[in-house]
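# What the coordinates show
Residues per chain are reported as follows:
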Amino acid sequence: MTWMWSLFEILINAFESYLILVFIKSKSDISDPHWVADWICFLAGTVFFSLFLFFEMPPIDLLVFVFPLLYAFFVSTKKWYQSLFWIINLAVLFCTTNGLSSHLFSSIYSSNIEQLLLPGFNRFFFLIVSNAILFLILFSASRIKHEFTYLSWPTLISFFAVSICLFIAEECLFFVQTNSPQINLFAYNLCYISLLFCLLLSILLLHFQIESNERENQYKSEANLYAMTEQHIQEFEQMYDDFNARQHDFKHHVEMLERMISHNDTEDAHNYLLNYKSTFANSRYFLTGNVSVDALLTAKFLTMKANNITFKFSPYPLSVLPLSVIDFCSVVGNLLDNAIEGNLRITPSSSSQQIVSLSFARTHENFHIICENPCNPRTLRKRQNTWISSKTAG
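Below, the structure is looked at part by part. The model shown is predicted, which means the values in this text are computed figures rather than measured ones.

### Regarding the side chain of S83
Along the polypeptide, S83 turns up in helix α4 (residues 80–109). Residue S83 is classed as buried on the basis of its relative accessible area, which comes to 4%. Aside from chain neighbours lying at most four places away, what touches S83 is A72, F73 and S76.

### Here's the deal with the packing of helix α2 (residues 35–54) against helix α3 (residues 66–75)
Put simply, α2 and α3 touch, their axes get as near as 9 Å, and they point 170° apart. Between α2 and α3, the angle falls in the class roughly antiparallel. Within the contact between the two elements, α2 uses A37, D38, C41, A44, G45 and F48 and α3 uses F67, P68, Y71, F74 and V75.

### Focus: the sheet that holds strand β1 (residues 310–313)
In space, the 3 strands of this open sheet follow the order β1-β2-β3, with mixed pairing throughout. Because the sheet does not close on itself, it has two edges, and the strands there are β1 and β3 (366–372). Between one strand axis and the next, the sheet turns by 10° as a mean value, whatever way the strands run. Alignment of β1 against strand β2 (residues 355–363), held across 4 bridges, turns out to be parallel.

### Thoughts on the packing of helix α9 (residues 291–306) against helix α10 (residues 325–344)
Following both chains from N to C, one finds α9 and α10 inclined at 15°, their axes separated by 10 Å at the closest point. The angle between the axes of α9 and α10 places the two elements in the roughly parallel class. α10 is crossed by α9, and the crossing has right-handed handedness. Residues S292, V293, L296, L297, K300, T303 and M304 of α9 lie in contact with α10, whose contacting residues are V325, F328, C329, V332, G333, L336, D337 and I340. Classifying every residue of the contact of α9 with α10 gives 10 nonpolar, 3 polar and 2 charged.

Reading the values: rules and limits
- Residues numbered from 1 in each chain as written.
- Predicted model: local features only at pLDDT ≥ 70, side-chain atom pairs only at ≥ 80, totals over all residues.
- Heavy atoms only, no water.
- Helix = DSSP H or I, 4+ residues; strand = E, 2+ residues; numbered from the N terminus.
- Buried < 20%, exposed > 50% of the residue type's maximum accessible area, 1.4 Å probe, protein only.
- Contact = heavy atoms within 4.5 Å.
- Axes fitted to C-alpha atoms, helices over the stretch in contact; angles between N-to-C directions.
- Parallel < 35°, antiparallel > 145°, perpendicular 65-115°, else oblique.
- Pairing = 2+ DSSP bridges.
- Left-handed = near helix turned anticlockwise from the far one by under 90°.
- Nonpolar A, V, L, I, M, F, W, Y, C, P; charged D, E, K, R; others polar.

So, in structure tokens, the structure goes:
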């Protein structure tokens, strides 16, 4: 074996190691670049493949996938079982594609697989075409969605079991191939094509399942947004009705004062004005220094008032907010909505008072939002040591 041929074989091994690295990176959430880990994984795979050129070694190709598995565990932010799932699929894709290419070229050249290992034009053409096929398959598989966020555990376990079964089937086929005295190339080709088709079909079904679950969650989010919009419209209608009622009362009070003054009944007019001023002083209004927050608090207060919930608010200057106005109002509004819902779940026979307490505070660089409310203990849900939502969708 000349040094130029050895260099060509090493370059082919480096290309295959690079394909493995690119595939596993496409299935991992990597926030920051990890150049050292990338190079270690790439060089480890290249060196491992190249050892077969210079040493007589048993067929332990599967050990090469330990390197990308350790790489994924180190740099990926995904769960360990997600990385293991894609490593298993990568191993099946890689080994099945190589096995299929070997048998196809054995059929074309009318020779056994051992003759494809000999240096020459046949092996050169075999390596170029087989790696091109491997590139197309791994590239296509890398484009498929890999987020498991919306998948249920039974669905995820089912796809995981299918991948493991295909992996075991590929290893059994390889064992039969290496230990069978009579090789039926057509049968092996058919088996490898079937395995490859089943794996690609499984990954494609996973892709469709993820897309379907994403659409379902998107529809749920849109339905929640529609419900929140209806709630906001009702709150604005309450504010509008309250404003009209105040305007009507104000007009009525002005007419009464004018009538008293026209009859020179100044003492009654004075007493009436004092009584009106005391009533106006007891009415609730919010002045935090931010018009949007004031409108939000007013709307939620009217909702609580309509449901006989007491709103205890500690005034705090909010002219400078830690977030954008939209985000801040979204957070506060969500807290108050949950507090209102918690109060409405309290049974009428309960001794707990329906009340919502809201206050703000700053300590150094931290901004605190404190929202407190009573709740029905029967609605609390806990899974192991983690509190979970008691809403129907949670």
